[in-house]
Amino acid sequence: MNNFLQKLQSSIYRFSYGRHGRDDFSKFLIISGLVIFLIYEIFEIHFLYPLSLALMFYSLFRILSKNHTKRYQENQVFLFYKGKFDKKFALQKRMWNERKTHRFFKCPKCKTVVRLPKGKGKIEITCPKCSNRFIKKT
Ligand SMILES: [Zn+2]
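> Summarise the overall build of the chain; cite the residues concerned and give the values.
What the chain contains, in helices and strands, is four helices and four strands. Starting at the N terminus and walking to the C terminus, you meet the elements of the chain as α-α-α-α-β-β-β-β. A globule of 138 residues ought to have a C-alpha radius of gyration of about 14 Å, yet the chain, at 24 Å, is considerably larger. Principal axes of the C-alpha set define a box for the chain whose edges measure 75 × 40 × 30 Å. Looking at the chain as a whole, 23% of its 138 residues are labelled buried. When contacts within the chain are restricted to residue pairs at least 6 apart in sequence, long-range pairs at least 24 apart make up 36% of them.

This is the structure in structure tokens:
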């Protein structure tokens, strides 16, 4: 039995040697594939079935792939957009939590978000990033 487990372990090791393995992008693909599959199962939206399979197979393909450079680049692109999304989401959360005490304005020139205390009346705001001035009511 022990011998069998050792053989199994070494064959798994041999099989996975040189392959890309899991990364954040393949985890994301697997999880979205499963979520889409669940939505398909619950609501019987038929076109979601091939989509969920495609996502899961693509994830498996990436895990077993031996082209590390390409898979690494894909993961970097994924992490870049995920970072952007996380940042946006964190800002939305902060805006919601501080909605009673602060107001948030976007600079019309560079789109930087400026946070100001509420109830100060009409004021001129100087953007901390590009020094553009604009007037808003807080
Ligand atoms: Zn600005």
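> Tell me about a nonpolar patch on the surface, residues and numbers included.
Residues I30, I31, L34, V35, L38, I39, I42, F43, I45 and F47 make up a contiguous nonpolar surface patch of about 950 Å² in total accessible area. In this structure, F47 sits in the loop between α2 (24-43) and α3 (48-64). The exposed category is assigned to F47, whose relative accessible area is 60%.

> Help me get a handle on the coordination of the zinc ion, residues and values and all.
In the first shell of the zinc ion, the protein supplies C107 (SG), C110 (SG), C127 (SG) and C130 (SG), at 2.3 Å from the metal. Taken together, the four donor atoms surrounding the zinc ion define angles of 107 to 111° at the centre, an arrangement classified as tetrahedral. Site description for the zinc ion: donor spacing in sequence, C-x2-C-x16-C-x2-C.

> Give me the packing of α3 against helix α4 (residues 68-97): which residues, what numbers.
Axis angle and axis distance: for two packed helices, these are the angle between their axes and the distance between the axes, and together they describe the pair. The geometry of α3 relative to α4 is characterised by a closest axis approach of 9 Å and an angle of 130° between their N-to-C directions. Between α3 and α4, the angle falls in the class oblique. Contact residues: Y58, F61 and R62 in α3; R71, E74 and N75 in α4.

> How would you sum up the side chain of S32? Please name residues and give values.
By the element assignment, S32 lies in helix α2. With relative accessibility at 18%, the residue S32 sits in the buried group. A polar atom in the side chain of S32 sits 2.4 Å from the backbone oxygen of F28.

> Can you explain the environment of R22? Please cite residues and give values.
Turning to its location among the elements, R22 is positioned in the loop between α1 (2-16) and α2. Considered as a pair, R22 and I12 are ten residues apart in the sequence and their alpha carbons are 15 Å apart.

> Quick rundown of the pairing of strand β3 (residues 122-126)? Include the residues and the values.
Summarising the sheet, β3 and strand β4 (residues 133-137) pair through five bridges and their orientation is antiparallel. Looking across to β4, one finds that E124 is bridged to I135. Counted between consecutive antiparallel strands, the loop separating β3 from β4 contains six residues, among which S131 sits at a positive phi close to 60°.

Criteria and cut-off values
Residues numbered from 1 in each chain as written. Predicted model: local features only at pLDDT ≥ 70, side-chain atom pairs only at ≥ 80, totals over all residues. Heavy atoms only, no water. Helix = DSSP H or I, 4+ residues; strand = E, 2+ residues; numbered from the N terminus. Rg over C-alpha atoms; globule rule 2.2 N^0.38 Å. Buried < 20%, exposed > 50% of the residue type's maximum accessible area, 1.4 Å probe, protein only. Contact = heavy atoms within 4.5 Å. Patch = residues over 30% accessible without salt bridge, like charges linked within 9 Å, V, L, I, M, F, W, Y side chains within 5 Å. Areas by Shrake-Rupley, 256 points an atom, 1.4 Å probe, with all protein chains shown as cover. Salt bridge = Lys/Arg side-chain N within 4 Å of Asp/Glu carboxyl O. Donors = N, O, S within 2.8 Å, 3.2 Å for Na, K, Ca; no water. Tetrahedral: all angles 85-135°; square planar, octahedral: opposite > 155°, others 65-115°. Axes fitted to C-alpha atoms, helices over the stretch in contact; angles between N-to-C directions. Parallel < 35°, antiparallel > 145°, perpendicular 65-115°, else oblique. Polar contact = N/O pair within 3.5 Å; in protein donor to acceptor, adjacent residues only side chain to side chain. Pairing = 2+ DSSP bridges.

In short, geometric facts, not functional conclusions.
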